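Below, each chain spelled out in residue letters.
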Amino acid sequence: MENVLIIGGNRFVGKALSERLLHNGIQVDVFNRSGTSSDGAKVIQGDRNKPEDLEKIDFTKYDCIVDMCLFFESQFDLIEHLIPSETNYIFVSSAAANSNYSEHYGDYGHDKKQVERRLQDSKLNYKIVRPSFIVGQGNYRPILSYYMNKIINREHIEIGGNGQNNINIVFVQDVVKHLERLATTPERTYEIIELVGDNIQIIDLIYKVNEYSREGEVLLVQDDENAILPKNDFIFETNWDYTKLDEGLKDYAEWYYKEGAKGYGYNI
């Protein structure tokens, strides 16, 4: 049986990944500050920024480590020497680390890119995953639900610039599917994988969300400061079998009206 450690893993992608791995018979341990995880996973509570908390983990017992919350080189410094060189280590980076866009995302993009470079210079058996904007059920920063709630309640949606810049959207189920594949691929592939989906103008995305809202009205206002998506382009070529936007939105809307809106505290 595979034995996987997820660093983070208490919400959204990490939680969805742990549930999928457990469902497929893989033993999952989760290390995070909250001490929460999916049913069936063993929880190790601690703060990755504290060496004494990292000592709670026996890094040698895992076939794979999926790192969901590594943001800084200082955090990598604390774990690099603890991870055996043969262990399958997956770093969940960001498409913001792509050289075409890292400057648009300030310290976040720069820091993710620096961690990637450190990994490439290390002796670890690494794989790097760069998701674009992840959407889907259970997102604690619910882009789609935010737009849907605004539309249903006829409230203004803030957009950056004129909203005609392109954004790339990938659904959580696709990210999880590929993380599972990598977690069960122990070979030293040293991959850098950009997990991306459809490119679409932000204004078109909002109107597309409107198609799956039962009743509502799209009211836009230019507000660079409060817009939840950036005003720069974020475009990627896609060459894998991902969930298409219409398919994903249809499923998402069904979930939203059934339980999602209530969970986010939205009125419908």
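Coordinates for the structure precede this section.
Rules of the game
Residues numbered from 1 in each chain as written. Predicted model: local features only at pLDDT ≥ 70, side-chain atom pairs only at ≥ 80, totals over all residues. Heavy atoms only, no water. Helix = DSSP H or I, 4+ residues; strand = E, 2+ residues; numbered from the N terminus. Rg over C-alpha atoms; globule rule 2.2 N^0.38 Å. Buried < 20%, exposed > 50% of the residue type's maximum accessible area, 1.4 Å probe, protein only. Contact = heavy atoms within 4.5 Å. Pairing = 2+ DSSP bridges. Axes fitted to C-alpha atoms, helices over the stretch in contact; angles between N-to-C directions. Core = buried A, V, L, I, M, F, W, Y, C linked by side-chain atoms within 4.5 Å. Lys, Arg positive; Asp, Glu negative; His and termini not counted. Salt bridge = Lys/Arg side-chain N within 4 Å of Asp/Glu carboxyl O. Right-handed = clockwise from strand over helix to strand, strands pointing away.

Some words on the overall build of the protein
Helix and strand counts for the protein stand at 8 helices and 12 strands. Against the globule reference of 18 Å for 268 residues, the protein gives a C-alpha radius of gyration of 19 Å, in line with a compact fold. Burial analysis of the protein (268 residues in total) assigns 54% to the buried set. Contacts in the protein between residues far apart in sequence, at least 24 positions, make up 75% of those at least 6 positions apart.

Section: the sheet that holds strand β11 (residues 198-201)
Reading across the sheet, the 3 strands line up as β7-β9-β11 and stay open at both edges, with mixed pairing between neighbours. At either margin of the open sheet sits one strand with a lone partner, and together these are β7 (133-135) and β11. For this sheet the average axis-to-axis angle between neighbouring strands, irrespective of direction, equals 45 degrees. Inspection of the sheet shows β7 paired to strand β9 (residues 166-171) by 3 bridges, in the parallel sense. By the bridge assignment for β9, F133 is matched with I169.

Topic: the sheet that holds strand β2 (residues 27-32)
The strand order across the open sheet built from 7 strands is β3-β2-β1-β4-β5-β6-β10, with neighbouring strands paired in parallel fashion. Edge positions in the sheet fall to β3 (42-45) and β10 (192-195), since each of these pairs with one other strand and no more. For this sheet, the mean inter-axis angle between neighbouring strands, taken without regard to orientation, is 20 degrees. Lying over the sheet, helix α6 (residues 172-183) contacts β4 (64-67), β5 (88-92), β6 (125-131) and β10, oriented at roughly 155 degrees with respect to β5.

Details of the nonpolar core
Among the nonpolar cores identified, the biggest contains 64 residues, and I6, V13, V66, Y147, I167 and L205 are the most heavily contacted of them. If one sorts the elements of this core by residue count, helix α8 (residues 245-264) sits on top with 8 residues. Filtering out sequence-adjacent residues up to four positions away, L205 remains in contact with L144, Y147, I167, I169, I200, L229 and L245. Core analysis: the next-biggest nonpolar cluster, separate from the first, contains 20 residues, L5, I44, F91 and L119 among them.

Let's talk about the side chain of K113
Structurally, K113 is set in helix α4 (residues 106-121). For K113, which is buried and forms no salt bridge, the nearest opposite charge comes from E116, at a distance of 7.4 Å. Setting aside anything within four residues of it in sequence, one finds K113 in contact with A97, S99 and S102.

What to know about the environment of K112
Tracing the chain through its elements places K112 in helix α4. As for K112 and S102, which are separated by 10 residues in sequence, their C-alpha atoms are 8.9 Å apart. In contact with K112, other than residues within four places in its own chain, are L70, F71, F91, V92, S93, S94 and A97.

Description of the pairing of β6
Most of β6 sits inside the fold, with 7 of its 7 residues counted as buried. Residue alternation in β6 divides its side chains into two sets, N125, K127, V129 and P131 and Y126, I128 and R130, and both sets are buried. Two elements, β5 and β6, share 5 bridges in a ladder whose sense is parallel. Looking at β6, one finds that Y89 is bridged to Y126. Once you follow β5 into α4 and on to β6, the crossover reads as right-handed.

Geometric values such as these leave the question of function open.
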